[in-house]
Amino acid sequence: MPKNDVLETPSSRVAPSRSLWLLGPALVAGVAYLDPGNVASNMTAGAQYGYLLVWIVVVGNVMAWLIQYLSAKLGVVTGQSLPEVIGTRMRRAWARRAYWLQAELVAMATDLAEVIGGAVALNLLFDVPLLLGGLITGAVSMVLLGVQSRRGARPFEFVIIGLMAIITVGFVAGLFIAPPDGAAVVGGLVPRFEDTGSVLLAASILGATIMPHAIYAHSSLTRDRFGSATAHAPTEAARTESSRIRRLLTATRWDVSIAMLIAGSVNLSILLLAAANLAGVEGTDSLEGAHAALAAGLGPVVATFFAVGLLASGLASTSVGAYAGAEIMHGLLRVRIPLLARRLVTLIPALVILGAGVDPTLALVLSQVVLSFGIPFALIPLVALTAQKRTLGAWANRGWTTAAGVIASVLLIALNGALLWLVLTGA
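Let me begin by describing the structure that accompanies this report. (Residues numbered from 1 in each chain as written. Predicted model: local features only at pLDDT ≥ 70, side-chain atom pairs only at ≥ 80, totals over all residues. Heavy atoms only, no water.)

### Some words on the packing of helix 15 (residues 360–386) against helix 17 (residues 399–425)
Right, so step 1: Interaxial distance between helix 15 and helix 17 falls to 9 Å at its minimum, and their mutual angle equals 165 degrees. By the angle between their axes, helix 15 is roughly antiparallel relative to helix 17. Remark: the crossing between helix 15 and helix 17 carries left-handed chirality. Side by side, helix 15 and helix 17 meet where Gln-368, Val-369, Ser-372, Phe-373, Ile-375, Pro-376, Leu-379, Ile-380 and Val-383 of the first sit next to Thr-402, Gly-405, Val-406, Ser-409, Leu-412, Ile-413, Asn-416, Leu-419, Leu-420 and Val-423 of the second.
Right, so step 2: Its residues assigned to classes, the contact of helix 15 with helix 17 comprises 13 nonpolar, six polar and no charged. (Axes fitted to C-alpha atoms, helices over the stretch in contact; angles between N-to-C directions. Helix = DSSP H or I, 4+ residues; strand = E, 2+ residues; numbered from the N terminus. Parallel < 35°, antiparallel > 145°, perpendicular 65-115°, else oblique. Left-handed = near helix turned anticlockwise from the far one by under 90°. Contact = heavy atoms within 4.5 Å. Nonpolar A, V, L, I, M, F, W, Y, C, P; charged D, E, K, R; others polar.)

Put into structure tokens, the structure is as follows:
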């Protein structure tokens, strides 16, 4: 079977128009790149440092493309999710439990940020108390997960893609009213930092962009969407299976490219909106402060668009996060509990924090710290497994793809380590 890899040009045998019905899993996983943590990080970066960190958003998006493609490829070729493959390789029960514990904590931290983001958005839009807003966000996410449980992958994809469209409009609308300086945007593509604060924000942007649960979820989404495949088909079925996998991987590259183009453009738009209009404005390091600054500087319409985008972001991303958490439990512990029951349990920490009156911005920051702990446990196995022929057969990564994955992993782990150090030391 011919080797097909992430860095090859999509095969001309499959036209994009014929593969449209195969698109969707990456767009769902891509919602994780538009969660409230991303909004807070990019808005703060633009307000405090102007166009300085434009290059970080671009680099992060390029790395995200590679990482999400590798995750999707694992699901397409093996017919298993990343947690399932890891769970199969771990023979000792205690090792699986330990790995699950850290992954579960990461998933819960992610969910915390997303529920809080939805609650803040409801407060901004309708003056709903934060605790009630958290309950509403959780209830809506349960409805969305019910769609996935009862109707299957495709209807769930349509709902999430619809929310992604709302997110895009909500966060990009302001740029048409107050566009950024083109020359300054180009200048922001030059890699550089200004001080430790800019390093901290760069790490926060990358930490909020490339998240462990999105890596776990994407492989599961492709498995659910395309069914079981195998990298080691019997001889008589090898040609048919090879053709099927090749077609799915071609469609997956289009899917990931579209998803990352949308996510990257929205994240960049958030930073540019803040850089062009909120530079030096006090209080923009919180979602509430950013909303107030937008209302004061650009008017209530732009601020309302921003809040609606934030609400759609919280609702969509918390649904995908809960889906990822369920797959983590199933793959590593080989236990499957009803998705809605799990959603109810994982909602409790967010509601406790909201009910206790903890500052939402502080909770978002702490959730990013937890995510920083989890990124190596998702990235390293992903790159290692997709490089192995015993896992992916002829579809294993080429050498340069693995090298790119290793470089991206090292950079992300190093920057997340810097984030942990700067936060923990108060620097």
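### Quick look at the side chain of Ser-286
Right, so step 1: In this structure, Ser-286 sits in the loop between helix 11 (235–277) and helix 12 (287–298).
Right, so step 2: Exposure remark for Ser-286: the relative accessible area of 17% places this residue in the buried category. (Buried < 20%, exposed > 50% of the residue type's maximum accessible area, 1.4 Å probe, protein only.)

### A word on the pattern of salt bridges
Note on pairing: side chains with opposite charge can pair once their charged atoms come close.
Right, so step 1: Counted under the stated rule, the structure contains seven salt bridges.
Right, so step 2: The partner of Glu-84 in a salt bridge is Arg-223, with the nearest N and O atoms 2.9 Å apart. Within this pair, whereas Glu-84 is found in helix 4 (residues 82–89), its partner Arg-223 is found in helix 10 (residues 212–226), the two being separated by 139 residues in sequence.
Right, so step 3: Taking relative accessible area as the criterion, Arg-223 reaches 12% and is therefore assigned buried.
Right, so step 4: For Glu-327, the salt bridge goes to Arg-223, with nearest N and O atoms at 2.9 Å. Taken together, the residues Glu-327 in helix 13 (residues 300–333) and Arg-223 in helix 10 connect sequence positions 104 residues apart.
Right, so step 5: One network of salt bridges, with partners in common, ties together Glu-84, Arg-223, Asp-224 and Glu-327. (Salt bridge = Lys/Arg side-chain N within 4 Å of Asp/Glu carboxyl O.)

### Here's the deal with the environment of Ile-56
Right, so step 1: Mapping Ile-56 onto the fold places it in helix 3 (residues 54–78).
Right, so step 2: Residue Ile-56 is classed as buried on the basis of its relative accessible area of 3%.
Right, so step 3: Taking C-alpha positions, Ile-56 is 7.6 Å from Pro-191, a pair spaced 135 residues apart along the chain.
Right, so step 4: For Ile-56, the contacting residues outside a window of four places in its chain are Phe-193, Ala-202, Ile-205 and Leu-206.

### Considering the nonpolar core
The nonpolar side chains of a soluble globular protein tend to be buried, and buried together.
Right, so step 1: With 131 residues, the main nonpolar core has Leu-53, Ile-210 and Ile-215 as its most contacted residues.
Right, so step 2: If one sorts the elements of this core by residue count, helix 13 sits on top with 16 residues.
Right, so step 3: Those residues in contact with Ile-210 that lie beyond four places of it in its chain are Tyr-33, Gly-60, Met-63, Ala-64, Ile-67, Ile-215, Ile-375 and Leu-412. (Core = buried A, V, L, I, M, F, W, Y, C linked by side-chain atoms within 4.5 Å.)

### Points about helix 14 (residues 339–355)
Right, so step 1: For helix 14, spanning 17 residues, the distance from its first C-alpha to its last is 24 Å, which sits close to the expected 24 Å at 1.5 Å a residue.
Right, so step 2: Of all the bends in helix 14, the greatest, near 30 degrees, is centred on Ile-348, and the proline Pro-349 appears no more than four residues after it.
Right, so step 3: When we look at burial in helix 14, the residues that qualify are Leu-339, Arg-342, Arg-343, Thr-346, Leu-347, Ala-350, Leu-351 and Leu-354.
Right, so step 4: In this structure, the buried side of helix 14 is in contact with helix 5 (93–126), helix 6 (130–151) and helix 13.
Right, so step 5: Note on helix 14: the residue one or two positions beyond its end, Gly-357, has a positive phi of about 80 degrees. (Expected span 1.5 Å × (residues − 1). Bend = angle between axes of the 7 residues up to and from the residue.)

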